[in-house]
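# Observations on the three-dimensional arrangement
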Amino acid sequence: MAGNLISETFEVCRFAIAVLKDHKQSRAARRDFWALGPDECTGILDDIGLSRSEFDDAMRLPYASEDLLSSAMRSIGIDPDDFNSLEAARDRFMARICITCPNRRQCHGHLDAFDFESHYQDFCPNSANFADLLRNGCST
């Protein structure tokens, strides 16, 4: 019983440290992004269809500083660097979906456990887009 309590306490501490580390990385990423200058930032945000306030809100989500979309694509066999212009437009739309996704913690957990490909269809709002890309031959 004491071992169980110690294990649970350790897990809670590990989670708290991970959350603090994630918040620190997100703050740094947001600061670095805005340091690019207003014109460049606006261009990047316009490219993926986000307003400044949507971006700031998204940067408060779990693992906001991580590129989960590219990792997810690789996990299911899609090369994120291998797109034609039509698919590149979809990729920008997919990036917007991913950046603002409320399931980022779940996604990160499955990517960390190397089982994203087995579970993403249950929670990922980009799952239909992934299916289309796989169907259209955008696989590795």
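Scroll up to find the structure this text is about.
Presented here is an overview of the structure given in this document. As the structure is a computational prediction, the values presented were derived from the model and not from experiment.

A few words now on the layout of surface pockets. Over the atoms, a rolling probe the size of a water molecule traces out where space has been left empty. By volume, the largest pocket amounts to about 440 Å³. Around the largest pocket sit 23 residues that line it, and Ile48, Glu66, Asp67, Ala95 and Ile99 are the ones nearest its centre. For the lining of the largest pocket, the secondary-structure elements that each account for two or more residues are helix 1 (2-34), helix 2 (38-48), helix 4 (68-75) and helix 5 (85-99). If you tally residues by element for the lining of the largest pocket, the top one is helix 5, at 5 residues. Of the residues that constitute the lining of the largest pocket, the class distribution is 15 nonpolar, 1 polar and 7 charged. As for the second largest pocket, its lining consists of Glu11, Arg14, Phe15, Ala18, Lys21, Asp22, Gln25, Tyr63, Glu66, His108 and Asp112. Listed by contribution, the elements that provide at least two residues to the lining of the second largest pocket are helix 1 and helix 6 (104-112). Top contributing element to the lining of the second largest pocket by residue count: helix 1, with 7 residues.

Here we take up the pattern of salt bridges. Summed over all chains, the structure comprises 3 salt bridges. When the shortest N-O distance is used, the salt bridge between arginine 135 and aspartate 132 registers 2.2 Å. Placement of both arginine 135 and aspartate 132 in helix 8 (residues 127-135) is noted, with a separation of 3 residues, approximately one turn of the helix. Classification of arginine 135 by relative accessible area gives exposed; the value is 61%.

Buried within helix 4 are the following residues: Leu68, Leu69, Ser70, Ala72 and Met73. N-capping of helix 4 is provided by aspartate 67, with a side-chain oxygen placed 3.4 Å from the backbone N of leucine 69. Within two residues after helix 4, glycine 77 carries a phi angle of roughly 95°, on the positive side.

Criteria and cut-off values
Residues numbered from 1 in each chain as written. Predicted model: local features only at pLDDT ≥ 70, side-chain atom pairs only at ≥ 80, totals over all residues. Heavy atoms only, no water. 1 Å grid on protein atoms, 1.4 Å probe; cavity = no way out; pocket = protein on both sides within 12 Å on 5 of 7 lines; lining within 4 Å. Points joined across faces, edges and corners; volume = space filled by probe spheres on them. Helix = DSSP H or I, 4+ residues; strand = E, 2+ residues; numbered from the N terminus. Nonpolar A, V, L, I, M, F, W, Y, C, P; charged D, E, K, R; others polar. Salt bridge = Lys/Arg side-chain N within 4 Å of Asp/Glu carboxyl O. Buried < 20%, exposed > 50% of the residue type's maximum accessible area, 1.4 Å probe, protein only. Polar contact = N/O pair within 3.5 Å; in protein donor to acceptor, adjacent residues only side chain to side chain.

The values reported here are purely geometric and, on their own, carry no functional implication.
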